[in-house]
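Below, each chain spelled out in residue letters.
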Amino acid sequence: MAPVPRDGSDTFKVLLTGFGPFSHYTSNPSWLAAAKLHDEFIDVPKSPGYREAKRIHVTAIEVPVTYDAILSLVPGFHQSPPVIPEDIRVSIPIPEKGYDFIMHTGVGRPGGLRVETRAHKAGYQKPDAEGKLAPPAKSDGADDGSGVVRGFPDTGIYQETLDLVINDSVDVNLLVKHLISSENGPVAPSTDAGKFLCEYIYYCSLVHSEYECRQKASSAAKTPVLFMHVPDIDKPQSVADMANAMRQVIYWCCQNSVKT
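Presented here is an overview of the structure given in this document. (Residues numbered from 1 in each chain as written. Predicted model: local features only at pLDDT ≥ 70, side-chain atom pairs only at ≥ 80, totals over all residues. Heavy atoms only, no water.)

Quick look at the side chain of N167
Thinking step 1. Residue placement: N167 occurs in the loop between β7 (164-166) and α3 (172-181).
Thinking step 2. By relative accessible area, N167 is classed as buried at 9%.
Thinking step 3. At 2.9 Å, the side chain of N167 forms a polar contact with the side chain of Y202.
Thinking step 4. Engagement of the side chain of N167 in a polar contact is seen with the backbone oxygen of V225, the distance being 2.7 Å.
Thinking step 5. When sequence neighbours within four positions are dropped, the list of residues in contact with N167 reads T117, Y202, L206, V225 and L226. (Helix = DSSP H or I, 4+ residues; strand = E, 2+ residues; numbered from the N terminus. Buried < 20%, exposed > 50% of the residue type's maximum accessible area, 1.4 Å probe, protein only. Polar contact = N/O pair within 3.5 Å; in protein donor to acceptor, adjacent residues only side chain to side chain. Contact = heavy atoms within 4.5 Å.)

A look at the nonpolar core
Thinking step 1. Counting residues in each nonpolar core, the largest one holds 36 residues, and the members touching the most others are F19, V63, I70 and F77.
Thinking step 2. The element contributing the most residues to this core is helix α4 (residues 197-215), with nine residues.
Thinking step 3. For V63, the contacting residues outside a window of four places in its chain are T17, G18, F19, G20, I70, L73, F77 and I201.
Thinking step 4. Counting residues in each nonpolar core, the second largest holds 35 residues, with F12, L37, L113 and V249 among its members. (Core = buried A, V, L, I, M, F, W, Y, C linked by side-chain atoms within 4.5 Å.)

Description of unusual backbone geometry
Thinking step 1. Between S80 and P81 the backbone carries a cis peptide bond, its omega angle lying at 0 degrees.
Thinking step 2. Tracing the backbone through its elements, the reader meets P81 in the loop between α2 (67-77) and β4 (101-107).
Thinking step 3. At E183, a residue that is not glycine, the phi angle is positive and equals roughly 60 degrees.
Thinking step 4. Locating E183 in the fold gives a position in the loop between α3 and β8 (187-190).

As for helix α5 (residues 239-256)
Residues lying three or four places apart along an α-helix face the same way, a consequence of the helix completing one turn every 3.6 residues.
Thinking step 1. Between its first and last C-alpha atoms α5 spans 26 Å; for 18 residues at 1.5 Å apiece the expected length is 26 Å, and the two agree.
Thinking step 2. Within the span of α5, buried status applies to V239, M242, A243, A245, M246, Q248, V249, I250, W252, C253 and C254. (Expected span 1.5 Å × (residues − 1).)

Re the packing of α2 against α4
Thinking step 1. Two elements in contact, α2 and α4, have axes separated by 10 Å at closest approach and are oriented at 25 degrees. Taken together, α2 and α4 sit at an angle that is classed as roughly parallel. Both α2 and α4 take part in a crossing whose hand is right-handed. Counted together, Y67, I70, L71, V74 and P75 of α2 and L197, Y200, I201, C204, S205 and H208 of α4 form the full contact between these two elements.
Thinking step 2. For the contact of α2 with α4, the per-class residue count stands at nine nonpolar, two polar and no charged. (Axes fitted to C-alpha atoms, helices over the stretch in contact; angles between N-to-C directions. Parallel < 35°, antiparallel > 145°, perpendicular 65-115°, else oblique. Left-handed = near helix turned anticlockwise from the far one by under 90°. Nonpolar A, V, L, I, M, F, W, Y, C, P; charged D, E, K, R; others polar.)

Details of the sheet that holds strand β3 (residues 54-63)
Thinking step 1. If you walk across this open sheet you meet the seven strands as β2-β3-β1-β4-β9-β5-β8, and the pairing is mixed. Taken across any chain shown, the strands that pair with only one partner, and hence form the sheet edges, are β2 (40-44) and β8. When the angles between neighbouring strand axes are averaged without regard to direction, this sheet yields 25 degrees.
Thinking step 2. The pairing of strand β5 (residues 113-116) with strand β9 (residues 225-230) spans two bridges and is classified as antiparallel. Looking at the pairing, V115 lines up with M228 of β9.
Thinking step 3. Contacts between α4 and the sheet are confined to β1 (11-19), β3, β4, β5 and β9, with β9 contributing the most and set at about 170 degrees to the helix. (Pairing = 2+ DSSP bridges.)

Examining the environment of T11
Thinking step 1. Structurally, T11 is set in strand β1.
Thinking step 2. Separated by 32 residues in sequence, T11 and D43 have C-alpha atoms that sit 9.2 Å apart.
Thinking step 3. Sequence-distant contacts of T11, that is, excluding residues within four places in its chain, are made with P5, F41, R55, I56, H57 and D100.

Digging into α4
Thinking step 1. Across its 19 residues, α4 extends 27 Å between first and last C-alpha, which sits within 8% of the 27 Å expected from 1.5 Å per residue.
Thinking step 2. Burial runs high along α4: 15 of the 19 residues are buried.

Here we look at the packing of aromatic side chains
Thinking step 1. All told, the structure shown has nine aromatic pairs when counted by the stated rule.
Thinking step 2. Residues Y67 and Y200 carry aromatic rings whose centres are separated by 4.8 Å and whose planes lie at 80 degrees to one another, so their mutual orientation is edge-to-face. In this pair, Y67 is assigned in helix α2 and Y200 in helix α4, connecting sequence segments 133 residues apart. When sorted by exposure, Y67 lands in the same class as Y200, which is buried.
Thinking step 3. Taken together, a centroid distance of 4.0 Å and an interplanar angle of 10 degrees make the contact between F152 and Y200 stacked. Separated by 48 residues along the polypeptide, F152 in the loop between β6 (118-120) and β7 and Y200 in helix α4 bring together distant segments of the chain. The pair formed by F152 and Y200 is uniform in burial state, with each residue classed as buried.
Thinking step 4. Taken together through their ring pairs, the aromatic side chains of Y67, Y124, F152, Y158, Y200 and Y203 make up a single cluster. (Phe/Tyr/Trp six-rings, centres within 6.5 Å; stacked < 30°, edge-to-face > 60°.)

Pasting the structure below:
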């Protein structure tokens, strides 16, 4: 049976994030691509698993490239209903029962698309776009030269989380095969998300997906979460190419990975 939206409607609700400016990126390629999908409806053709055709509605949000922003915003993305500050979202309806799928994107190394499979709690030693460092975190990871290991604060739900979280809600290898067969240019799975804001938001989102699931009925399933790195513009994919790849990822995940 194909997956269905959690609210029983005929529309999957998807949250897509891209990052804002940082370093020499006055316009972040991930946000330029993600913004093209904002408020878009993607049609899902009728198939044996559906009683009728379904649709996918995408909400795109730009996230500041700071540790504080991620720690502040991501927990709200996973709540039911989601909590999203007015100053970072366009005025569109918030799904009362939460998002069916959450996809994060950020700019990475040249050479193509990379779909990440895991994220770490600690080892985030680089300053963010405001020059601030991540909070101290208890871990065996490398320190920042002062003896401090940085990452997620060892308080609240992070106190019980693992040093490494592996995505178990999306079959990344199968997704990558689909993207390759659909001629999206170079694309590969990755086990190294970079220990910067991209990996930070991915870890945070995976953890809160698990946490929110545990707070609900035992029959509840986790909200699938994914992170995809895009290259700089035209190295080799254009912004339009990246947006189309994001669209295909969302479509595939709503067909194969969304909670039932």
